[in-house]
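# Report on the structure
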There are 2 protein chains.
Amino acid sequence: MQLKLYHYWRSSSSWRVRWAFAIKKMPCAFVAVDLLKGEQKGDAHLKRNPSGHVPVLEVEDGGKTFFLTESLAIIEWMEEIQKEPSLLPGNSFQRARIRALSEIVNSGTQPVQNLKVQKFHSSDPEKQKEWTRHWIREGLSAYENLVKETAGKFSVGDTVTMADLFLIPQCYNAKRFDVPLSEFSTIARIDAAAFQTSECQASAPDKFQP
Amino acid sequence: MQLKLYHYWRSSSSWRVRWAFAIKKMPCAFVAVDLLKGEQKGDAHLKRNPSGHVPVLEVEDGGKTFFLTESLAIIEWMEEIQKEPSLLPGNSFQRARIRALSEIVNSGTQPVQNLKVQKFHSSDPEKQKEWTRHWIREGLSAYENLVKETAGKFSVGDTVTMADLFLIPQCYNAKRFDVPLSEFSTIARIDAAAFQTSECQASAPDKFQP
């Protein structure tokens, strides 16, 4: 099986998947899709994903090629084909909680604060920033409230789970838009702990900046 | 194990989970949370889910109570504890595609078009409608482009999968906001086929309208 991840260095959804690859130590080639140059709208990329989004995982298996899209679906696929180290550890209730936390970022925060939504809301850069900060604050507040119940060193216990793979790239966006993580004490602590791990560092945006 | 679903009749995320219960024939009590009366912001509901969202699944198991939140996480939990009938059938690639389609609605469409985002965008009802229609169109277009590759009678083959549980409630929102499904020929066909099934009918909003 040959794996190739089409990604963009600064896309938070791309980072989630790069981080999953680092933890599972699955060999994968990384191919940059330059969103600033509009490569995501080119024919080559639209054949991989008609939505034009990154990340896309290309899988060559038994002479066939599969394109997997949507970061959460890609990570669930990785978890199915290689269980260890698990990103969804524990019993069914703990797994449900990891998925719920992931969704607070995946569906509740990132989609509303992203660039195309900002731009459709207003062409005024100040209003765009205000919009983005509002939704990042709302999302991280919801995460903070729920994560308090399960947090150890990381979001659920003392090992990195899928929830952290969604949280930390969202924290990176918060910092970019001047939302201080100090407003969310548990999240700030998890963010600091995550950056102590080699897999988080190895998958972070600055390592892939052109 | 005792199950209780806190839901709202018109919430598309609630419908997804009601439909999953209908398909899996798992016994579950339904408890309405009246969003119009603001019950989701009351102490009783915030104890179930600090985000105040519906649906929430309350599970009594072995003397303990668990609250499961986020529709996708709830459905994945149901799939784990009762495999059949499966909402994620097929091999790992097909399951990844079902999850990717679900995500186009779950993270790519519904969160941006929902009421609180509409209202934060503008207080003008006409601008709210324009906003909502724009994002529903964008989301359903992305779904249409991807679903063409796998659609049989339903989104992936000829049985209802998790993807349909996300699509059809989104189609219901499209109709509410006068986005004609005829713009998306495959989706329109799947929508009609879904309403021929007893589980879709039994879980639909009108069956739970107060």
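Residues numbered from 1 in each chain as written. Chains lettered and ligands numbered in written order. Predicted model: local features only at pLDDT ≥ 70, side-chain atom pairs only at ≥ 80, totals over all residues. Heavy atoms only, no water.

### Some details on the nonpolar core
If you look at the biggest cluster of nonpolar residues, it comprises 120 residues, and the most contacted ones within it are A:Leu57, A:Trp77 and B:Leu57. Beyond its immediate sequence surroundings of up to four residues, A:Leu57 is in contact with A:Leu3, A:Lys4, A:Leu5, A:Phe21, A:Cys28, A:Phe66, A:Phe67, A:Leu68, A:Ile74 and A:Trp77. By size, the runner-up hydrophobic cluster in this structure holds eight residues, among which are A:Trp131, A:Trp135, B:Val112 and B:Trp131. (Core = buried A, V, L, I, M, F, W, Y, C linked by side-chain atoms within 4.5 Å. Buried < 20%, exposed > 50% of the residue type's maximum accessible area, 1.4 Å probe, protein only. Contact = heavy atoms within 4.5 Å.)

### Focus: the relation of the copies chain A and chain B
Overlaying chain A with chain B gives an RMSD of 0.0 Å, the required rotation being 180 degrees about an axis along which the chain moves by 0.0 Å. In the structure described here, the two chain copies are related by an operation that fits a two-fold rotation axis. Proximity to the rotation axis, assessed at the C-alpha, singles out A:Ser107 in chain A; its C-alpha lies 2.0 Å from the axis. A share of 100% of the interface residues of chain A reappears at the interface of chain B, consistent with the copies meeting face to face through the same patch. (Least-squares fit on C-alpha atoms with pLDDT ≥ 70 in both.)

### What about the confidence of the model for chain A?
Counting all residues, the mean pLDDT for chain A is 97, and 100% of those residues have values of 70 or more. Reported confidences for the modelled complex are a pTM of 0.98 and an ipTM of 0.97. (pLDDT = per-residue confidence, 0-100.)

### Some words on the domain arrangement of chain A
Residues and elements named next belong to chain A. Its domain assignment divides chain A into domain 1 (2-84) and domain 2 (92-200). For domain 1 and domain 2, the distance between their C-alpha centres works out to 21 Å. Each side of the interface is counted separately: domain 1 has 15 residues, and domain 2 has 22 residues. For the pair domain 1 and domain 2, the summed buried surface comes to about 1,700 Å²; carbon and sulfur atoms form 63% of the total. Interface area lost by domain 1 to domain 2 is led by Trp15, Arg16 and Trp19, which between them contribute 43%. (Domains from an automatic or database assignment. Buried area = accessible area lost by both parts, 1.4 Å probe.)

### Details of the pairing of strand β2 (residues 29-32) of chain A
Summarising the sheet, strand β1 (residues 2-7) of chain A and β2(A) pair through four bridges and their orientation is parallel. Across the sheet, A:His7 pairs through a bridge with A:Ala32, a residue of β2(A). (Pairing = 2+ DSSP bridges. Helix = DSSP H or I, 4+ residues; strand = E, 2+ residues; numbered from the N terminus.)

### Considering the packing of aromatic side chains
Summed over the entire model, instances satisfying the criterion amount to 23 aromatic pairs over all chains. With a centroid separation of 5.4 Å and 80 degrees between ring planes, the pair formed by A:Phe120 and B:Trp135 is classed as edge-to-face. Of this pair, A:Phe120 sits in helix α6 (residues 115-121) while B:Trp135 sits in helix α7 (residues 125-147), each in a different chain. By relative accessible area, which is 2% here, B:Trp135 ends up buried. What links up through ring pairs into an aromatic cluster is the set A:Phe120, A:Trp131, A:Trp135, B:Phe120, B:Trp131 and B:Trp135. (Phe/Tyr/Trp six-rings, centres within 6.5 Å; stacked < 30°, edge-to-face > 60°.)

### Thoughts on the packing of helix α1 (residues 12-24) of chain A against helix α3 (residues 71-81) of chain A
All names here are of chain A. Following both chains from N to C, one finds α1 and α3 inclined at 10 degrees, their axes separated by 9 Å at the closest point. On the basis of the axis angle, α1 is roughly parallel to α3. Two secondary-structure elements touch here, α1 through Ser13, Arg16, Val17, Ala20, Phe21 and Lys24 and α3 through Ser71, Ile74, Ile75, Met78 and Glu79. (Axes fitted to C-alpha atoms, helices over the stretch in contact; angles between N-to-C directions. Parallel < 35°, antiparallel > 145°, perpendicular 65-115°, else oblique.)

### Remarks on the interface of chain A and chain B
Many analyses report the size of an interface as the accessible area lost when the parts associate. Counting residues at the interface gives 41 residues for chain A, matched by 41 residues for chain B. The largest share of the area that chain A buries against chain B comes from A:Glu80, A:Phe93 and A:Phe120, three residues that together contribute 18% of it. Summed over the shared surface of chain A and chain B, the number is eight salt bridges. There are 11 residue pairs in polar contact (both at pLDDT 80 or more) connecting chain A and chain B. For the side of chain A that touches chain B, the elements supplying multiple residues, two or more each, are β3 (56-61), β4 (64-69), α3, α4 (92-106), α5 (110-113), α6 and α7 (125-147) of chain A. Top contributing element to the side of chain A that touches chain B by residue count: α4(A), with 10 residues. (Salt bridge = Lys/Arg side-chain N within 4 Å of Asp/Glu carboxyl O. Polar contact = N/O pair within 3.5 Å; in protein donor to acceptor, adjacent residues only side chain to side chain.)

### A few points about unusual backbone geometry
All names here are of chain A. Omega for the bond connecting Val54 with Pro55 falls within 30 degrees of zero, at 0 degrees, which places this linkage in the cis form. Secondary-structure assignment places Pro55 in the loop between α2 (43-48) and β3. One non-glycine residue with positive phi stands out, namely Asp178, at about 60 degrees. With respect to the helices and strands, the residue Asp178 is situated in the loop between α8 (162-176) and α9 (185-194). Judged by relative accessible area, Asp178 falls into the exposed class, the value being 55%.

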